[in-house]
Amino acid sequence: MTGMGLGPLGNAALLLALAFSLWGVIGGAIGAIRRDARLLTSARMAAYATFLAMTAAVAVMEIALLTDDFSVSYVAETSRSTSPTWVKVVTLWAALEGSLVLWGWLLSGYWALLSFVAPNTPLRPWALTVMAGVQTFFVGVPAILTPPFQTVSPIPMDGPGPNPLLQNHWMMAVHPVLMYLGFVGLTVPFAYAMAALITRLPGSEWMTQTRRWTLIGWGFLTAAIIAGGWWSYEVLGWGGYWAWDPVENVSFLPWLTATAFIHGVQVQERRRMLKAWNLLLITLTFSLTLLGTFLTRSGVVSSVHAFGDGPVGPAFLVFFLIVMAFSLGLVAWRWDQVRDRADLDHPVSREGAILAGNVLLLAMTFAVLLGTIFPLIVEAFTGDKVTVGAPFFDQASLPLWMGVLFLMGVGPLLPWRRAPDQTLRSNLAWMLGAAAVGAAVAAAFGIRGVYPLLTIALSAWNLASLTLLILGAVVPRVRIGTRSVAQVLRSYAFENRRRFGSMIVHFGVVVLALGIMGSSAYRLDEQIRVDFGATTTFAGLELTAVDRFMERTDQRISAGAVVDVARNGTPLATLRPRINTFAGQQMTVPTPAVLYRPLYDIYLNVSSSIGPGQEFVVLRVVRSPLVTWIWVGGFIVALGTLYALTPNRRRVAVTSRAGPEEPVGT
Amino acid sequence: MTRVLIVILVTAMLGGLFLFGLLRGQPDREVESARLNRSVPMFELPVYPRYQPEFGPTLDVAAELSDRPRPMIVNFWASWCGPCYVEAPDLQEAWQRHGERVLFVGVQTQDRGKRAEGQAFVSRFDLGFPNVIDDDSALSIDYGLFGVPETFFVRADGTLMYKHTGPVELELLEEKIEELTAS
Amino acid sequence: MTLTSPRSTGRGRPVVLLRVVRAAVLAAAAALVAIAPAQEAATAPGAAVELQSRVFDITRKLRCPTCVSESVADSNAAIAIEMRNQVQSQLEDGRSETEILAFFQERYGDWVLLEPPRRGVHLLVWWLPGIALAAGAGGLGLLMVRWTRNARREGTEAPPDDDDLARVRAALGEKEPS
């Protein structure tokens, strides 16, 4: 092991991966053009080989990290011998060079898996070639531009360790991986879309084959965004979870367009409309993942998360422009096959609702993108420096969210193609009634804000919609069969995974919406100075700063305050917010303490230093109503997505006559 | 053909914009002062003991400048600020050369309660020009301070000629003082 | 005959029961959805906390000068803490939010405002999203008009495309996708 340096080994692995993926492109393209089965098979082999090479590269880096091999440049720059083992493992993606290797590895895994399971259709050769092309970029950058395996000489004694914010919470092991799985997952439908354009089969084929992949990618992206919010909440110290920082926005943009795409796909499957629209949407989604990475890795916009400048920025910019030109060019070239000969029976129909929802989601994408790059645009033209912050994004997106919530409730109840009928009108009346009841109850409790009232009303609207959907599906089946309600519900859920899964997801979104409303509109902040031993009151609770405490581990030195939280004398919890200094780093980072409760959180952060002789502590205290509902809602969305991905149970032969017709919205 | 043109146009526009962004570099530093070419706030703040024989318990900048109108250099620092330690000797040197023609004032800010540390800073570099204490940082907010160290070059008429973010070097000080005293 | 709407099977006990159950379930759902958030949200804070809350509300609109993209409310930087103190004393002096924001804007420039002011070049960022939405909605409306006309003219069945024919051939005999 010590003889052959790990550095050269890792370099070799990356270069091998690059060579294999290049062959995947060349062999795949030529094989596709000439319809040469042997070339295509060898291109598929290239996928497996690339995956093996990338796995080797990752393994080599992990070994280097775990054995503190500081002769490898990345380890010397990013790792530290005193870090706990899990921190060393996640150091792989704690800095730019390593996180690109992670992305390349995950992508190679998807490419290999796709090569293995993709059905042998005319689309496959080109789809795999496009994947190979993307893979070449993601291996090329770490292999050539930002090599992490360079040899450092003389070998340093130790390294600085990863950024403190990236080693004080377990979420570091989860969120970046989820995010990359999301981005990479969305590469597959993009590759198929390009294949569809190249092979002139721009119909529904490419979407049907990638439906699962799209949902998986979207699911991971959603989970990543929620996980990121939770991570911010637990780590950053200001009691919030979303600041509309550019790096957050750029993960949000492809999510918005992917959501629009998922729904647009349904319209294309049912009605064979919106071909061009969906092609453009998935292109936009993939391009946005590249653009996002460019914006945050290049220092072009200021962001708390931006790390590194150097050759990565320009590389991503060039690739982004190439992808844009290539994909838009393809769409333009095949425009005549792609343009829609569409027809619409009635605007107030499922198609209409989905289209309207798409417009809202895209408007939100535009607003967020504009706000994020607006300072850059202004500076390019006038040289002035301006700021576009959270208040803008809140005000620009909230009305659109209300529209989306509204459509989410009414859409599933609308029939395909037909105009609304009597059943629908009565359902809508029930939903409106529910919304009114919800708003009235909220107002009775003293809620006066427009957006909170609207959110609550629309949540009731959505709950009513989901209830009516289920009733509409279950009741007729109970009526004509001999089974009980529970049995019918079960078999409905098992035989309609996609539909039932989407109901779960929509329900999760409602919970999310309420959580966001509660925690932003009714949050209470205070900065309190408490002497040790004294008690102060905050929002009906008693906070007692008991004493200071110190902790010392190999990784960090921390000073904090022990705070007892009680309500009317009954103790609730003891919280220990602290400030940490990590070995090898100057920066101090706080670890706030959170008391999670179903209806509100109490969040404590240390705002002052806690010196040895100090008799007091300054605490930032936040009371956030319903913030837990956000994490719960996100979890429900993830569950629903998982459920929708599972295959339907084969329908048991029905002994009675023809099965019941779905009254509304199948 | 038009479609291809649209594609090219969109790609070119985006490319141009982002290329500009890349070339321009870090966006955040070097935000121009909002007070450029406008009059700066005058202030009266307590000085450190070593300056009290000459100035009394507080330094009243307005009075100083009305007594003897001249340009002013206001330098903001804090005891925890590394680059402030780097630039202090340069400021001291510049004051020794031009202290007659230009009023040098050091302001300790964002350092609530840190009197001992401030005293140590001033003694360490044996700063001959008056250093005042901006305990609640109200003056730095008035000056629109982005961070420490920052140095403000004020003309004799009280308007801001130039704000420097980050540590100043002797060369730059000389250059700006020439400009200040030329008018 | 469809077994869809309860109405079509005539009036009867089970139908009335169904309706009542449905109404009750919906009302309960609506109320439940409203109660928890409402109760939580509507607890009134005391006066001192009220002041602090206002400080944070205002400083959430100010950009921390030394941080990278953080608001004064969120940051723990020295200048941010002092700015919060400044805002609190100005509030105690009775100044309004507008006056306080103007105070900082005078000293730091437009850059310090997280909410772009509604004048000058900033108007672009406020207006363009609305214009884009209007354009999108308008475009959609036009498309819908054209598509509805298509439907009426060509009848409601569009000719099948090659994809579909291939799928039908392949799918014969297999179970229907959901």
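Predicted, not measured: the structure shown is a model, and the values here were computed from it. (Residues numbered from 1 in each chain as written. Chains lettered and ligands numbered in written order. Predicted model: local features only at pLDDT ≥ 70, side-chain atom pairs only at ≥ 80, totals over all residues.)

Chemist: Account for the overall build of chain B, naming residues and giving values.
Modeler: Helix and strand counts for chain B come out as seven helices and seven strands. Reading chain B from its N terminus to its C terminus gives the helix and strand order α-β-α-β-α-β-α-β-α-β-α-β-β-α. What you see for chain B is a C-alpha radius of gyration of 21 Å, clearly larger than the 16 Å of a compact globule of 183 residues, by over 25%. The buried share of chain B, reckoned over its 183 residues, is 38%. In chain B, the share of contacts with a sequence separation of at least 24, taken over all contacts with a separation of at least 6, comes to 75%. (Helix = DSSP H or I, 4+ residues; strand = E, 2+ residues; numbered from the N terminus. Rg over C-alpha atoms; globule rule 2.2 N^0.38 Å. Buried ≥ 20, exposed ≤ 12 C-beta atoms within 10 Å, placed from the backbone. Contact = placed C-beta atoms within 7 Å.)

Chemist: Any chance you could break down helix α7 (residues 175-185) of chain A for me, citing the residues and the numbers?
Modeler: All names here are of chain A. In terms of burial, α7 is largely enclosed, as ten of its eleven residues are buried. By the burial criterion, the buried members of α7 are His175, Pro176, Leu178, Met179, Tyr180, Leu181, Gly182, Phe183, Val184 and Gly185. Where α7 is buried, its residues meet α5 (96-117), α8 (187-198), α9 (205-235), α10 (246-271) and α11 (275-297).

Chemist: Tell me about the nonpolar core, residues and numbers included.
Modeler: Residue and element names in this part refer to chain A. Ala195, Ala434, Ala460 and Ala464 are the most contacted members of the largest nonpolar core, which totals 289 residues. With 17 residues, helix α14 (residues 350-382) is the single largest residue contributor to this core. Membership of the second largest hydrophobic core comes to 21 residues, among which are Val530, Ala545, Ile602 and Val606. (Core = buried A, V, L, I, M, F, W, Y, C linked by C-beta atoms within 7 Å.)

Chemist: Residues and numbers for the interface of chain A and chain B, please.
Modeler: Every contact between the two is made by 22 residues of chain A and, on the other side, 16 residues of chain B. Sort the elements by how many residues they give to the side of chain A that touches chain B and helix α12 (residues 312-333) of chain A lands first, with nine residues. Of the residues that constitute the side of chain A that touches chain B, the class distribution is 15 nonpolar, five polar and two charged. (Nonpolar A, V, L, I, M, F, W, Y, C, P; charged D, E, K, R; others polar.)

Chemist: A description of the interface of chain A and chain C should follow, citing residues and the corresponding values.
Modeler: Counting residues at the interface gives 88 residues for chain A, matched by 66 residues for chain C. Only α14, α15 (390-410), α16 (422-444), α17 (450-480), α19 (497-521) and β1 (524-531) of chain A provide two or more residues apiece to the side of chain A that touches chain C. When residues of the side of chain A that touches chain C are assigned to their parent elements, the largest contribution, 13 residues, is made by α14 of chain A. The class makeup of the residues in the side of chain A that touches chain C is 51 nonpolar, 22 polar and 15 charged.

Chemist: Hey, could you go over the packing of helix α2 (residues 37-66) of chain A against α5 of chain A for me, with residue numbers and the actual values?
Modeler: Residue and element names in this part refer to chain A. Relative orientation of the contacting elements α2 and α5 amounts to 150°, with a least axis distance of 8 Å. Considered as vectors, α2 and α5 are oriented roughly antiparallel to each other. Viewed along their axes, α2 and α5 form a crossing whose handedness is left-handed. The segment α2 lies against α5, with Arg44, Ala47, Tyr48, Thr50, Phe51, Met54, Thr55, Ala57, Val58 and Met61 engaging Gly98, Val101, Gly104, Trp105, Ser108, Gly109, Trp111, Ala112 and Ser115. (Axes fitted to C-alpha atoms, helices over the stretch in contact; angles between N-to-C directions. Parallel < 35°, antiparallel > 145°, perpendicular 65-115°, else oblique. Left-handed = near helix turned anticlockwise from the far one by under 90°.)

Chemist: Give a description of the pairing of strand β5 (residues 570-575) of chain A that names residues and reports values.
Modeler: If a strand is regular, its side chains alternate between the two faces of the sheet. Residue and element names in this part refer to chain A. Here strand β4 (residues 556-567) runs beside β5; their pairing, made up of five bridges, is antiparallel. Residue pairing for β5: aspartate 564 is matched across the bridge by threonine 574. Between β4 and the antiparallel strand that follows it, β5, lie two residues; asparagine 568 among them carries a positive phi value of about 50°. (Pairing = 2+ DSSP bridges.)

Chemist: So what's going on with the sheet that holds strand β6 (residues 150-154) of chain B? Residues and values would help.
Modeler: Residue and element names in this part refer to chain B. Taking strand neighbours across the sheet as the criterion, the five strands line up as β5-β4-β3-β6-β7 in an open arrangement whose pairing is mixed. Across the chains shown, the open sheet's two edge strands, defined by having one partner strand only, are β5 (131-133) and β7 (160-165). In this sheet, neighbouring strand axes are inclined to one another by 20° on average, regardless of whether the strands run parallel or antiparallel. Summarising the sheet, strand β4 (residues 103-108) and β5 pair through three bridges and their orientation is parallel. Bridge pairing links glutamine 108 to isoleucine 133 in β5.

Chemist: Explain the confidence of the model for chain C residue by residue, including any values.
Modeler: Residue and element names in this part refer to chain C. Summary statistics for chain C give a mean pLDDT of 78 and a share of 72% for residues scoring 70 or more. Element-level mean pLDDT values for chain C span from 64 in helix α6 (residues 162-171) up to 93 in helix α4 (residues 97-108). Considering only residues more than four positions removed or in separate chains, one finds that residues 1-11, a stretch of pLDDT under 50, has 15 contacts. In this model, residues 174-178 is a region of pLDDT below 50 whose contacts with residues beyond four sequence positions or in other chains number six contacts. Both confidence scores are given for the complex: pTM 0.89, ipTM 0.85. (pLDDT = per-residue confidence, 0-100.)

Chemist: An account of the domain arrangement of chain C is needed here, citing residue identities and associated values.
Modeler: When the domains of chain C are assigned, the result is domain 1 (12-41), domain 2 (47-112) and domain 3 (118-154). Once you take the C-alpha centre of each, domain 2 of chain C and domain 3 of chain C turn out to be 38 Å apart. (Domains from an automatic or database assignment.)

Chemist: Quick one: what's the story with the pairing of strand β10 (residues 616-625) of chain A, residue by residue and with numbers?
Modeler: All names here are of chain A. For β10, a buried count of eight out of ten residues is recorded, marking the element as mostly surrounded by other parts of the structure. Pairing analysis gives eight bridges linking β1 to β10, with the strands arranged antiparallel. The partner of aspartate 525 across the bridge, within β10, is valine 622. One ladder, built from seven bridges, connects strand β9 (residues 600-606) with β10; its direction is antiparallel.

Chemist: I'd love a proper account of the packing of α15 of chain A against α17 of chain A, names of residues and values included.
Modeler: Pairs of packed helices are described in terms of their axes, by the angle between the two and the distance that separates them. All names here are of chain A. Direction vectors running N to C along α15 and α17 enclose 15°, while the axes themselves pass 8 Å from each other. Considering their axes alone, α15 and α17 lie roughly parallel with respect to each other. As α15 runs across α17, the sense of the crossing is left-handed. Contacts between α15 and α17 pair Leu398, Met402, Leu405, Phe406, Met408, Gly409 and Val410 from the former with Tyr451, Leu454, Leu458, Trp461, Asn462 and Ser465 from the latter.

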